[in-house]
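Coordinate analysis (summary)
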Amino acid sequence: MFPIRSAGYAMGFEGRKGSGPAAFRLTEKFVLLLVFSAFITLCFGAIFFLPDSSKLLSGVLFHSSPALQPAADHKPGPGARAEDAAEGRARRGEEDAPGDPAASLEDNLARIRENHERALREAKETLQKLPEEIQRDILMEKEKVAQDQLSNRAGFRRLPPVYLAPVNTIGAIDREPADAAIREKREKIKEMMKHAWKNYKRYAWGKNELKPVSKGGHSSSLFGNIQGATIVDALDTLFIMNMKDEFEEAQAWVEENLNFNVNAEVSVFEVNIRFVGGLISAYYLSGAEIFRKKAVELGVKLLPAFQTPSGIPWALLNIKSGIGRNWPWASGGSSILAEFGTLHLEFMHLSYLSGNPIFADKVMNIRTVLNNLEKPEGLYPNYLNPNSGQWAQYHVSVGGLGDSFYEYLLKAWLMSDKTDLQAKKMYFDAIKAIETHLIRKSRNGLTYIAEWKGGLLEHKMGHLTCFAGGMFALGADDAPEGMTQHYLQLGAEIARTCHESYNRTFVKLGPEAFRFDGGVEAIATRQNEKYYILRPEVVETYMYMWRLTHDPKYRKWAWEAVEALEKHCRVKGGYSGLRDVYFTKESYDDVQQSFFLAETLKYLYLIFSDDDLLPLEHWIFNTEAHLLPVLSRNLKKVEDDGK
């Protein structure tokens, strides 16, 4: 065994529980605000210290508003001391006792005068400082709060200890397949990765993604001003493909250039699965401390997203100001199930990597909110309002807006070494409802997963939904009694349907969505659903089905996808998505998505690798195909695995 921090991959750290520090930074406006606040304080102070102010205040405030309570009545905030709260309770007890009203009024006025005198002194002291001194004080206080949050662990609850075997004993080291034909195909997929990486490095190094046709950088608004998405997303793929030089140059870029101190509004979901997930995975594979440090740093910056009345996080967060909001198009200002439901795996690992349970607490609270809600027909709607903690529209999808929530329920169970019984129950209850209300067969026998809108079905299945074949198969071993073979078969049927969606196009790559209505089966009928953006979900399901069944058709189908990518998506400057998979002449979208390197090529590589490369009993793939080891509580089992 060897540790994450010091002694072994045995991780049972103490951490501090609490909300993150308020994010603030000094600007000229802030200095002006301080001056204005001091002026207002002086004005109020003058009022309170006028000779007849007590009569004025007693008539206007205390006599006419008996419910108005002194400050001690309010719930102490995060910065309040325990002794302050105790003093407030004592004062309330004294004030509630019967006595002289005039004396009580005089006590209230004396307390207010004392508070204002203190405020006047603080305002005067602040106004006497130079702006640089004020800025330094603010930064020092901010740093102190941050250090308290992450370092001062005394007296807080302990995380349960977990154990990890050394990576070189659990399949992170690759071996060549014995079969020459399989070896040749796998080598071809590695060459595809080299082509994608080489051109990204040549034309877009340090940018988020590559424009392979116009040969430049591409940056999505999903990442704000954070750069390097392709570098971080590709780290573990480079590692498992034994591309050592490329991995080392990527690591050097992370050390020197990956910067989260930017004024940027980001997608919490996308930054979590790509950046946090990619960094954690790279850390577990390589042991390089920089990856752990950067992952935790970014995790801390995402914590303000959870500062909502329900604790359901915002979709978008400015990581400088800590201000969050939801997508303007989301129903009723709601958060999205697939986004807030796809933080669990990474945040559980962040708690162990940092020694701080705050990350685990945040995602476990999401579970609590969901479990307290009534589910229509046992289903989870895609939209939940973070202010009310209630569902918005009753729209249910296992594709976009819902997909990875269900994936993370199953994988939370598996990642916990099958100790997270709550996740297991939620997963199997959910897929039982999905099978009852959403899964249907077409006239010609294709099994598909429709979308549910207030009780009515839309007979459409998205490319994103195709991950579900692998999910059903992966969870089959732990299914209720007598259901294991059923879920394996269901996974195989979904895989077949998604293969048909590929096979029925001109380029043999599938559309964004396909339909089962009007006599049409597994074909996109709307122009805005005919594109392909190098998505991985179909080959992801092939990978799981191959690993769990070893049916050779999954390798055959995967190789068909490789050939189609080479023929239709490969250009001199990398790989591009297509605008129309039914069109005989390629129309490129000119984006090499970072997930093409993180997911699509990784899954293809694993299909043509032996099963002992990243065995499923030891590794969990996050929804961006980043590798997270199982957190075992059984030390003997881990030691035996290590042997």
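For the protein chain, an unreviewed UniProt entry supplies the name alpha-1,2-Mannosidase and the organism Bos mutus. What UniProt states about the protein chain under its Function (unreviewed entry) heading is, verbatim, "Involved in the maturation of Asn-linked oligosaccharides. Progressively trim alpha-1,2-linked mannose residues from Man(9)GlcNAc(2) to produce Man(5)GlcNAc(2)." Its UniProt record gives the protein chain a comment under Subcellular location (unreviewed entry), which states: "Endomembrane system".

Right, let's talk about a positive patch on the surface for a bit. On the surface, a cluster of positive charge is contributed by Lys198, Arg202, Lys215 and Lys572. Tracing the backbone through its elements, the reader meets Arg202 in helix α6 (residues 180-204). On the basis of relative accessibility, which here comes to 52%, the residue Arg202 falls in the exposed class.

To continue, consider the state of the cysteines. Per the stated rule, a full pass over the model turns up 1 disulfide. The residue that forms a disulfide with Cys466 is Cys498, at a sulfur-sulfur distance of 2.0 Å. Around the S-S axis, the bridge from Cys466 to Cys498 shows a dihedral of about -95° and counts as left-handed. In this pair, Cys466 sits in the loop between β15 (460-462) and α16 (468-474) while Cys498 sits in helix α17 (residues 484-503), placing the two residues 32 residues apart along the sequence. By relative accessible area, Cys498 is classed as buried at 2%.

Let us now look at unusual backbone geometry. Both trends apply: most residues other than glycine have a negative phi, and most peptide bonds are in trans. Here Asp590, not a glycine, exhibits a phi torsion of approximately 65°, which is positive. In this model, Leu614 sits at a positive phi of 60°, which is unusual for a non-glycine residue. In this structure, Leu614 sits in the loop between α20 (594-607) and β19 (619-621). On the basis of relative accessible area, Leu614 is assigned to the buried category, the value being 0%.

With that settled, consider the sheet that holds strand β5 (residues 265-267). Strand pairing within a sheet occurs via backbone hydrogen bonds; the two strands may be parallel or antiparallel. The 3 strands lie next to each other as β5-β6-β7, forming an open sheet whose pairing is antiparallel. Edge positions in the sheet fall to β5 and β7 (324-325), since each has one partner strand and no second. Pairing geometry for β5 and strand β6 (residues 316-318), over 3 bridges, is antiparallel. Within β6, the position partnered with Ser267 by the bridge is Leu316.

Buried together is how nonpolar side chains tend to be arranged in soluble globular proteins. Counting residues in each nonpolar core, the largest one holds 169 residues, and the members touching the most others are Val254, Phe275, Phe291, Phe472 and Phe621. With 12 residues, the top contributor of residues to this core is helix α9 (residues 268-286). Residues within four places of Phe275 in sequence aside, it is in contact with Asn208, Phe223, Ile226, Gln227, Gly228, Ala229, Val232, Leu258, Phe260, Glu270 and Leu298. Counting residues in hydrophobic clusters, the runner-up holds 6 residues, among them Leu316, Trp327, Ala330 and Ile336.

Cut-offs used in this document
- Residues numbered from 1 in each chain as written.
- Predicted model: local features only at pLDDT ≥ 70, side-chain atom pairs only at ≥ 80, totals over all residues.
- Heavy atoms only, no water.
- UniProt positions renumbered as here; feature names shortened; annotations may be inferred.
- Patch = residues over 30% accessible without salt bridge, like charges linked within 9 Å, V, L, I, M, F, W, Y side chains within 5 Å.
- Areas by Shrake-Rupley, 256 points an atom, 1.4 Å probe, with all protein chains shown as cover.
- Salt bridge = Lys/Arg side-chain N within 4 Å of Asp/Glu carboxyl O.
- Lys, Arg positive; Asp, Glu negative; His and termini not counted.
- Charge placed at Lys NZ, Arg CZ, Asp CG, Glu CD.
- Helix = DSSP H or I, 4+ residues; strand = E, 2+ residues; numbered from the N terminus.
- Buried < 20%, exposed > 50% of the residue type's maximum accessible area, 1.4 Å probe, protein only.
- Disulfide = S-S within 2.5 Å.
- Pairing = 2+ DSSP bridges.
- Core = buried A, V, L, I, M, F, W, Y, C linked by side-chain atoms within 4.5 Å.
- Contact = heavy atoms within 4.5 Å.

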